[in-house]
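Architecture at a glance
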Amino acid sequence: MSISAEDRADNLRAMPATPGLSWIGRLLQTTSAGRVVAVTFLVVLLTFLSVYPLSMLLYGSLHSTPPGMAGTFNLDGYLQIFTQQNAVTLLNTVGIAFAKTIPSLVLAVLLAWILARTDTPMRGTLEALITLPFFIPPILTAMAWGMLGNPQVGLLNQVYQWVTGSNTAPINVYSYGGVVWHMMQYSVPFLFLLIVDAFRAMDQSLEEAARMCGASRLRTFCTVTLQLMLPALTGAAILSFIRGIENFESPLFFGTPAGIRVITTDIYDSINQRSPPEYQYATAVSFVIMALLFLIVLLQWRILRGRSFQTVTGKGYSPTVMKLGRWRWVTFAFCLLFFFVTVILPVGQLLIGSFFKFFGFYQQDMLTLEHYRAVFGSGDFWRGFSNTMLLGFVGATLTMLLGGAVAYISVRTKWRGRRLIDAMAWLPWMMPGIVLGVGFLWGFALLPHAIPIYGTIWALLLAYISLGTPLSVRIMSSAYAQLSFDLEECSRVHGGSWLQTMGRIVIALAWPSFAVGWVLLFFGIMRELSASVLLYSVGSEVLSVVLLKLWANGNAEQVSVIGLIMMGMVILFRWVQLKVIKSRINAL
């Protein structure tokens, strides 16, 4: 994308000045005090959003009683960790994350290669379909697969028994395999999104050289393509492994009924399922998982440090695709099969389940609309819906504004303190949602009574902003880094004020990234469960919490109705992201 700085600057001459706000620009540009005030404000805000919950984790891990109660300081929480049962829990966590990462990476590489390097038909449509599972809230597909793969009344087992006449149930999602399978449905599109552009950017002449030397297509793929993709694959695999350790929904729905414990469900059970709640133990375990994630990130840095795998150079090349002949219809069918299994099957189960009186009994006389009437007449649903929409719109907007400010100072200024606020904004990346929820639980409970955040919707809003800040900073940093400094300098030379330059040039050019980040954050808030389930209170429930409570009470049919409504919202916002924003980006 290119733009004329002169054209932008000419427009500034016709733009009226904004005297009511111009003092802000003069304060920031002409006085060091203004810059100090701006950086100090961000440091204080980020301290509350990232450092404060982390320090409360340390406090809570040493405090002997629940938040808000008088107690003593000791190491009992850490001493409780060293048990044989917790060793099994740690092995389960690492083993499941590893077991889902390897097959997910293989599948994602295959899909990325098909859509980026071959002439498979309708690749643009297939890419949108393959990435769709990433935007569906995991709690929805977890509940859908709980109905599909139930060993007693699951639809897939009923179909198998009807076709074969057998009484056996070959599918049981309440197992290690079920946990890994559900995690893979999100891990594959996540890895695909991370690596597909690397496949597109690779110079095909490298592969052609291997082919001219006599290498087969398989050997070329293994010895050239995969070797050059190693940095992207390694980084993506480690991120996927980290997300596997942080995962909460899959082990909660499929692991807990089978007695499979992982660290995240252990933290949740310690606070919500035990009497009295073991806050000190849960907080100490949270520190353990943070330490584990920190070691993994260090491993990633060590693996990739000093290595160079350049695939795009100054030498010109034309990206072309491989001709597969008749095999292109096989790859086309393979992509459709992935979409069918990960989207059509669970959504179809939600649709079927919403029209039958009881889950698992699919006779014609059981057809009913009473679940739709129950959901639309439920005050809990509408309260959760309005809270989710409010938190989604406000949370995504505030998070992007914060990320935009942090990224601008970090990327486009030389102000003192810019590296500090950049590091503080990245800190929540190391904290899984449930760990951040525990930290904020302690933090909000210890705030003065004059700041009543504990148990309110503001607690959820602050947690969502904290969780989303690393993503917003990453997106806006990339957008600002693409803008030449000449644009701002040209604007100032032609008499544009700081605010005019920001509004007519920087923000005007960076807003598509802002819009993309906003949509991603809105999806993230709508699907978030692990922090929400710890911080909600009566009146501040969000849809994911309402779904969890309905599922726990055995109302699977109403869960199906709400799941379909949320799916409609996902498809609507995904359409907005792909069509509207893309068209505006192309117009710039």
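Residues numbered from 1 in each chain as written. Predicted model: local features only at pLDDT ≥ 70, side-chain atom pairs only at ≥ 80, totals over all residues. Heavy atoms only, no water.

Under an unreviewed UniProt entry, the name given to the chain is Iron(III) transport system permease protein, and the source organism is Bradyrhizobium algeriense. Per UniProt, the chain carries the Sequence similarities (unreviewed entry) text "Belongs to the binding-protein-dependent transport system permease family." (UniProt positions renumbered as here; feature names shortened; annotations may be inferred.)

Let's talk about the pattern of salt bridges
Evaluated as defined, the whole model comprises 6 salt bridges. Taking the shortest distance from any N to any O, the salt bridge between Arg274 and Asp266 comes out at 3.0 Å. Note on Arg274: relative accessible area 25%, which makes it partly exposed. One connected set of salt bridges, linked through shared partners, spans Arg261, Asp266, Arg274 and Glu278. (Salt bridge = Lys/Arg side-chain N within 4 Å of Asp/Glu carboxyl O. Buried < 20%, exposed > 50% of the residue type's maximum accessible area, 1.4 Å probe, protein only.)

Thoughts on the side chain of Arg412
Within the fold, Arg412 resides in helix H18 (residues 379–412). A distance of 2.7 Å separates a polar atom in the side chain of Arg412 from the backbone oxygen of Tyr480. (Helix = DSSP H or I, 4+ residues; strand = E, 2+ residues; numbered from the N terminus. Polar contact = N/O pair within 3.5 Å; in protein donor to acceptor, adjacent residues only side chain to side chain.)

Comments concerning helix H20 (residues 433–445)
Compared with the 18 Å implied by 1.5 Å per residue over 13 residues, the 18 Å span of H20 between its first and last C-alpha is a close match. Counting buried residues along H20, 12 of its 13 residues qualify, which places the element largely inside the surrounding structure. Within H20, the full set of buried residues consists of Gly433, Ile434, Val435, Leu436, Gly437, Val438, Gly439, Phe440, Leu441, Trp442, Gly443 and Phe444. (Expected span 1.5 Å × (residues − 1).)

Things to note about empty space enclosed by the protein
A full pass over the atoms with the stated rule returns 1 cavity of 30 Å³ or more. Taken as a whole, the largest cavity holds about 30 Å³ of empty space. Among the elements of the structure, helix H5 (84–117) and helix H12 (230–246) are those that each provide at least two residues to the lining of the largest cavity. Taken together, the residues that form the lining of the largest cavity break down as 6 nonpolar, 4 polar and no charged. (1 Å grid on protein atoms, 1.4 Å probe; cavity = no way out; pocket = protein on both sides within 12 Å on 5 of 7 lines; lining within 4 Å. Points joined across faces, edges and corners; volume = space filled by probe spheres on them. Nonpolar A, V, L, I, M, F, W, Y, C, P; charged D, E, K, R; others polar.)

Focus on the environment of Val180
Tracing the sequence through the fold places Val180 in helix H9 (residues 176–201). Residues Val180 and Ala99, spaced 81 residues apart in sequence, show a C-alpha to C-alpha distance of 6.8 Å. Sequence-distant contacts of Val180, that is, excluding residues within four places in its chain, are made with Ile96, Ala99 and Lys100. (Contact = heavy atoms within 4.5 Å.)

Description of the side chain of Ser61
Looking at the secondary structure, you find Ser61 in helix H3 (residues 32–62). Those residues in contact with Ser61 that sit more than four places away from it in its chain are Asn74, Gly77, Tyr78, Gln280, Thr283, Ala284 and Phe287.

Some thoughts on the packing of aromatic side chains
One pass over the structure, following the stated rule, counts 21 aromatic pairs. For the ring pair Phe393 and Trp518, a centre distance of 5.4 Å and an interplane angle of 50° mean the geometry is tilted. Of this pair, Phe393 sits in helix H18 while Trp518 sits in helix H23 (residues 498–527); the two residues are 125 residues apart in sequence, bridging distant segments of the chain. A network of ring pairs unites the aromatic residues Tyr59, Phe73, Tyr279 and Trp442 as a single cluster. Lying across the ring of Phe190, Arg243 places its NZ or CZ 4.5 Å from the centre. Positioned above the aromatic ring of Phe134 is the side chain of Arg527, whose terminal nitrogen or guanidinium carbon lies 5.4 Å from the ring centre. (Phe/Tyr/Trp six-rings, centres within 6.5 Å; stacked < 30°, edge-to-face > 60°. Lys NZ or Arg CZ within 6 Å of the ring centre and 35° of its normal.)

Re unusual backbone geometry
Phi angles above zero are rare outside glycine, and Met122 is one such case at about 55°. With respect to the element layout, Met122 can be found in the loop between H5 and helix H6 (123–135). On the basis of relative accessible area, Met122 is assigned to the exposed category, the value being 52%.

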